[in-house]
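Per-entry structural report
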Amino acid sequence: MANQLKGADSGSGQGLLWLFGAILAVQGFGSAVTEAGWGTSFGVAALMRAAHVPEWATLLVGLAGLVLLGVAARRHRARGRVERQP
């Protein structure tokens, strides 16, 4: 029973890593591209501009998203290896 709970918990946590990683990557890099190309901001970038945060901080948000996606991919690959072993 403990194994079932552990597997279910890691699956939902894994899904959240993918979700938050994708959201942060799109918000961070998308905002930077939008500001550079069209001179307007949205989402996280708009909130950061209102708080007087430097423009390069949106790239840090995008980078954080990529890090979360990398962690999620690594955990997914490691879990696949564990499940294949007898």
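Presented here is a report on the structure given in the accompanying data block. This structure is a prediction, so every number in the text was calculated from the model and none was measured.

1. Focus: the environment of Leu60
Along the polypeptide, Leu60 turns up in helix α3 (residues 57–84). Under the relative-accessibility criterion, Leu60 is labelled partly exposed at 46%. Placed 36 residues apart in sequence, Leu60 and Leu24 show a C-alpha to C-alpha distance of 9.4 Å.

2. A look at a nonpolar patch on the surface
There is a patch of nonpolar side chains on the surface, built from Phe29, Trp56, Leu59, Leu60, Leu63, Leu66, Val67 and Val71 and spanning about 730 Å² of accessible area. In terms of residue count, the dominant contributor to the nonpolar patch is α3 (6 residues). Relative to the helices and strands, Val67 is located in helix α3.

3. Looking at the side chain of Gln27
With respect to the element layout, Gln27 can be found in helix α1 (residues 2–38). What makes Gln27 buried here is its relative accessible area of 19%. For Gln27, the side chain forms a polar contact with the main-chain nitrogen of Val44, separated by 2.8 Å.

About the cut-offs
Residues numbered from 1 in each chain as written. Predicted model: local features only at pLDDT ≥ 70, side-chain atom pairs only at ≥ 80, totals over all residues. Heavy atoms only, no water. Helix = DSSP H or I, 4+ residues; strand = E, 2+ residues; numbered from the N terminus. Buried < 20%, exposed > 50% of the residue type's maximum accessible area, 1.4 Å probe, protein only. Patch = residues over 30% accessible without salt bridge, like charges linked within 9 Å, V, L, I, M, F, W, Y side chains within 5 Å. Areas by Shrake-Rupley, 256 points an atom, 1.4 Å probe, with all protein chains shown as cover. Salt bridge = Lys/Arg side-chain N within 4 Å of Asp/Glu carboxyl O. Polar contact = N/O pair within 3.5 Å; in protein donor to acceptor, adjacent residues only side chain to side chain.

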